[in-house]
Protein chains: 2
Amino acid sequence: MSSAPLFRKLALIGFGLIGGSIARGAKALGLAGEIVATARSPQTRARVQELGIVDRVVETNAEAVDGADLVILCIPVGACGPVAQEIAPHLAPGAIVSDVGSVKGAVLKAMAPYLPESVHFVPAHPVAGTENSGPDSGFAELFVNRWCILTPPEGANADAVDKLGAFWRGLGANVEVMTADHHDLVLAVTSHLPHLIAYTIVSTAEELEGVTQSEVLKFSAGGFRDFTRIAASDPTMWRDVFLTNKDAVLEMLGEFQEDLSKLTRAIRRGDGDALFEHFTRTRAIRRGIVQIGQDEAAADFGRRPKQLGAKAE
Amino acid sequence: MSSAPLFRKLALIGFGLIGGSIARGAKALGLAGEIVATARSPQTRARVQELGIVDRVVETNAEAVDGADLVILCIPVGACGPVAQEIAPHLAPGAIVSDVGSVKGAVLKAMAPYLPESVHFVPAHPVAGTENSGPDSGFAELFVNRWCILTPPEGANADAVDKLGAFWRGLGANVEVMTADHHDLVLAVTSHLPHLIAYTIVSTAEELEGVTQSEVLKFSAGGFRDFTRIAASDPTMWRDVFLTNKDAVLEMLGEFQEDLSKLTRAIRRGDGDALFEHFTRTRAIRRGIVQIGQDEAAADFGRRPKQLGAKAE
């Protein structure tokens with residue numbers, strides 16, 4: 001831990017949940033000699049300055065990447081192309097350029113054409129997050145025991161990939177390498193489809209006739225509230241995810257629709273055996289996720305039981 | 001608290017998550033002079049005996065209800081009719097007979113014909129739970145600050161309704177009274193539809209080509225894992241819910257399908273504004289649920305951040 005940091009200068013472009021968590025983690029663990037951050041809005045830059053998490057806050061992307069040996073774009077997927085174009089002339093030769101976007105094929109296509117041959121482009125996606133966003137929402141432990149997926153383009157420099165992997169392992173993550181296309185298919189089912197479904201059901205509940213909004217909120221503990229967490233995620237980020245991973249998302253949506261039709265038919269026909277068999281199978285998947293440490297075994301997500309007899313009524 | 005208990009003898013038929021939580025809460029708070037429990041399986045009865053939570057474990061439903069002034073059926077909805085028929089001749093005059101089922105119209109129809117005029121039938125539904133089941137899964141605080149909905153039939157005795165309400169308030173719950181039909185509509189959207197969707201998406205993820213099961217588990221922190229909790233709920237209970245609240249569930253499913261089509265179309269057409277507007281609205285609903293105390297504000301459901309730098313790798 002007291003040896004030389006992995007990188008001399010880390011430049012973070014964008015300071016939301018992910019950028020802020022990288023900064024806090026890298027600082028706490030000494031992964032970079034200097035951490036420089038910037039953000040598009042003056043309010044965010046001022047707040048980062050105030051928080052005192054990074055060594056320097058600068059006003060422009062060009063200034064941020066100047067002399068940096070690791071540059072990470074922590075911005076919505078749709079903004080990656082224009083920012084790549086903007087920073088390209090200012091990148092130091094040999095620098096590793098990466099991002100944290102939830103879609104990788106589109107990022108690769110948007111950024112690669114602008115980046116000079118002298119830098120190493122290794123897109124990355126830390127599969128971690130919360131429903132909060134903004135400069136205050138990050139925390140150093142966000143990536144611990146989560147996965148970070150690297151999707152280097154064909155012919156990428158192996159040392160650069162290894163070094164970026166070491167950085168993410170330093171933040172506590174497990175690292176996996178795959179193609180951008182495979183990443184986009186896997187994440188379409190483990191992340192993008194669940195978000196789309198959550199966004200849908202939350203709005204369905206909002207607009208019903210015969211059931212008031214206040215009833216939906218009051219009786220949400222019956223299951224609904226679990227969906228609302230991810231439906232509260234950052235709107236800009238998720239708009240870009242669905243615009244840029246359209247094909248894989250539509251494919252998964254097709255599969256989901258078929259399965260939903262099957263269950264709907266079982267309900268309509270009163271086929272109790274089919275329902276029971278189905279519900280028994282899904283229980284096993286939950287167990288698998290808890291077993292490999294991607295969720296806690298605590299009942300009800302560990303929501304703390306309130307104290308008995310503490311109520312005034 | 002040291003005054004006379006609300007009920008002389010509480011009989012619990014069934015001892016899963018809900019029955020076991022009522023027993024523990026009623027015991028801790030002295031809400032009943034004596035708590036007698038029974039369950040269909042000898043294993044469950046033996047385990048309840050071992051746990052030492054109730055005053056007496058008996059072998060038959062008839063024995064359990066004998067002389068009880070409060071009888072609560074804590075069993076799947078589909079079993080309520082036959083059990084009502086079985087206990088009817090053994091109920092004490094003036095006893096309150098209730099249940100905890102997630103569907104109320106069907107319970108009313110199944111039980112009412114068997115119950116004698118001399119007892120007060122007040123169906124109830126505590127909207128609380130975890131994904132665990134069985135005699136060990138209950139805890140006394142389960143109902144604190146959750147809602148319990150009473151659905152007394154027309155002409156029900158007002159004192160009996162009040163007294164059952166007092167019992168649930170004693171356990172820490174808020175109490176609301178509504179018709180069985182309205183209950184079934186409200187719960188179809190806040191509980192039954194979310195469970196159906198979660199059951200569907202978890203099985204969709206299980207059967208995909210091109211994405212392995214192990215990848216689904218590994219990268220579940222991207223959103224998928226939130227769905228798996230409720231898809232791990234008790235299969236028998238949920239089979240019965242969908243069989244007995246079929247009409248309301250199919251209606252809500254229709255609404256959901258329409259909304260999903262709208263979002264799908266926006267994705268297909270690349271309509272970023274429609275997506276952004278939609279995702280911004282759903283964020284507000286999450287805030288509403290946290291504000292009224294039906295969920296915690298803690299990010300990521302309060303899943304505890306792991307310790308930084310603790311990993312061996």
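Within an unreviewed UniProt entry, the label attached to chain A reads Prephenate/arogenate dehydrogenase family protein, and the organism entered is Rhodopseudomonas telluris.

1. Quick look at the overall build of chain A
Scanning chain A from terminus to terminus reveals 12 helices and 9 strands. Along the first, second and third principal axes, the C-alpha atoms of chain A reach 65 × 50 × 35 Å. For chain A, the residues scored as buried account for 59% of the 313 residues in total. When the accessible surface of chain A is split by element, carbon and sulfur atoms take 50% of a total near 11,800 Å². Each charge class in chain A can be summarised by its mean position, and for the 30 positive and 38 negative side chains these summaries are 5 Å apart.

2. Here we look at the sheet that holds strand 6 (residues 120-121) of chain A
All names here are of chain A. Strand order in the open sheet made by the 6 strands is 3-2-1-4-5-6, with parallel pairing throughout. The open sheet is flanked by strand 3 (56-57) and strand 6, the only strands paired with a single partner. Relative to strand 3, strand 2 (residues 32-38) is paired through 2 bridges, and the arrangement is parallel. Paired with Ala 37 across the bridge in strand 3 is Val 57. Running over the sheet, helix 4 (residues 80-87) touches strand 1 (7-13) and strand 4 (70-73) and is turned about 150° from strand 4. Sheet strands touched by helix 6 (residues 158-170): strand 1, strand 4, strand 5 (96-99) and strand 6. Its angle to strand 5, the strand with the most contacts, is close to 55°.

3. Topic: the packing of aromatic side chains
In the structure shown here, the tally under the stated rule is 16 aromatic pairs over all chains. Relative to Trp 168 of chain A, the ring of Phe 167 of chain A has its centre 6.1 Å away and its plane inclined at 85°; by these criteria the two rings are edge-to-face. Owing to a relative accessible area of 1%, Trp 168 of chain A belongs among the buried residues under this scheme. Here Phe 143 of chain B and Trp 168 of chain B contribute two aromatic rings whose centre-to-centre distance is 5.0 Å and whose plane-to-plane angle is 90°, an arrangement assigned as edge-to-face. On the criterion of sequence distance, the pair formed by Phe 143 of chain B in the loop between strand 7 (124-127) and strand 8 (147-150) and Trp 168 of chain B in helix 6 (residues 158-170) is long-range, its members being 25 residues apart. Just as Phe 143 of chain B is buried, Trp 168 of chain B falls in that class too. Within the aromatic cluster, the residues linked to one another by ring pairs are Phe 7, Phe 143, Phe 167 and Trp 168 of chain A. Its end group placed over the ring of Trp 147 of chain B, Lys 218 of chain A keeps NZ or CZ at 4.4 Å from the ring centre.

4. Some details on the domain arrangement of chain A
Residues and elements named next belong to chain A. Per the domain assignment, the segments making up chain A are domain 1 (7-178) and domain 2 (183-297). For domain 1 and domain 2, the distance between their C-alpha centroids amounts to 30 Å. Roughly 1,400 Å² of surface becomes buried between domain 1 and domain 2 when both sides are summed, with 57% attributable to carbon and sulfur atoms. Of all residues in domain 1, Ser 102, Val 103 and Glu 131 give up the largest surface area on contact with domain 2, accounting jointly for 36% of the area buried on that side. Counting every contact that joins domain 1 to domain 2 gives 1 salt bridge. Across the salt bridge formed by Glu 131 and Arg 229, the nearest N and O atoms sit 3.1 Å from each other. Inspection of the domain 1/domain 2 interface yields 10 residue pairs in polar contact (both at pLDDT 80 or more). Elements with a minimum of two residues in the side of domain 1 that touches domain 2: helix 5 (105-111), strand 7 (124-127) and strand 8 (147-150). Each residue belonging to the side of domain 1 that touches domain 2 can be placed in one class, and the counts come to 9 nonpolar, 8 polar and 3 charged.

5. Quick notes on the pairing of strand 9 (residues 174-177) of chain A
It is a general feature of regular strands that their side chains alternate between the two faces of the sheet. Residue and element names in this part refer to chain A. Direction of pairing for strand 8 relative to strand 9: parallel, over a ladder of 4 bridges. Across the sheet, residue Cys 148 finds its bridge partner in strand 9, namely Val 175. In this region the chain leaves strand 8, passes through helix 6 and returns to the parallel neighbour strand 9; the handedness of that crossover is right-handed.

6. Looking at helix 2 (residues 42-51) of chain B
Residue and element names in this part refer to chain B. Those residues of helix 2 lying buried are Thr 44, Arg 45 and Val 48. Down the axis of helix 2, the buried set is contained in an arc of 100°. They therefore lie on one face. Along helix 2, exposed side chains directed more than 90 degrees from the buried face belong to Pro 42, Gln 43, Gln 49 and Glu 50. Packing partners of the buried residues in helix 2 comprise strand 2 (32-38) and strand 3 (56-57). Within two residues after helix 2, Gly 52 carries a phi angle of roughly 65°, on the positive side.

7. Some remarks on the interface of chain B and chain A
Of the residues lining the interface, 119 residues belong to chain B; the matching set on chain A comes to 119 residues. Where chain B abuts chain A, roughly 11,500 Å² becomes buried across the two surfaces, and 66% of that area is made up of carbon and sulfur atoms. Our enumeration of links across chain B and chain A arrives at 13 salt bridges. Residues Glu 176 of chain B and Lys 218 of chain A are paired through a salt bridge, measuring 2.7 Å at the closest nitrogen-oxygen approach.

8. Looking at the pattern of salt bridges
Opposite charge on two side chains allows them to pair when their charged atoms are near. Counted by the stated rule, this structure contains 41 salt bridges over all chains. Taking the shortest distance from any N to any O, the salt bridge between Arg 229 of chain A and Asp 226 of chain B comes out at 2.7 Å. Placement of Arg 229 of chain A in helix 9 (residues 224-230) and of Asp 226 of chain B in helix 9 (residues 224-230) is noted, with the two residues assigned to different chains. Classification of Arg 229 of chain A as buried rests on a relative accessible area of 3%. Across the pair Asp 55 of chain B and Lys 27 of chain B runs a salt bridge whose closest N-O atoms are separated by 2.8 Å. One end of the pair, Asp 55 of chain B, is in the loop between helix 2 and strand 3; the other, Lys 27 of chain B, is in helix 1 (residues 17-29), and 28 residues separate them in sequence. Each of Glu 131, Arg 229, Arg 286 and Asp 295 of chain A together with Arg 225, Asp 226, Asp 300 and Arg 303 of chain B takes part in a single network of salt bridges with overlapping partners.

Thresholds applied
- Residues numbered from 1 in each chain as written.
- Chains lettered and ligands numbered in written order.
- Predicted model: local features only at pLDDT ≥ 70, side-chain atom pairs only at ≥ 80, totals over all residues.
- Heavy atoms only, no water.
- Helix = DSSP H or I, 4+ residues; strand = E, 2+ residues; numbered from the N terminus.
- Buried < 20%, exposed > 50% of the residue type's maximum accessible area, 1.4 Å probe, protein only.
- Areas by Shrake-Rupley, 256 points an atom, 1.4 Å probe, with all protein chains shown as cover.
- Lys, Arg positive; Asp, Glu negative; His and termini not counted.
- Charge placed at Lys NZ, Arg CZ, Asp CG, Glu CD.
- Pairing = 2+ DSSP bridges.
- Contact = heavy atoms within 4.5 Å.
- Axes fitted to C-alpha atoms, helices over the stretch in contact; angles between N-to-C directions.
- Phe/Tyr/Trp six-rings, centres within 6.5 Å; stacked < 30°, edge-to-face > 60°.
- Lys NZ or Arg CZ within 6 Å of the ring centre and 35° of its normal.
- Domains from an automatic or database assignment.
- Buried area = accessible area lost by both parts, 1.4 Å probe.
- Salt bridge = Lys/Arg side-chain N within 4 Å of Asp/Glu carboxyl O.
- Polar contact = N/O pair within 3.5 Å; in protein donor to acceptor, adjacent residues only side chain to side chain.
- Nonpolar A, V, L, I, M, F, W, Y, C, P; charged D, E, K, R; others polar.
- Right-handed = clockwise from strand over helix to strand, strands pointing away.
- Arc of directions from axis to C-beta.

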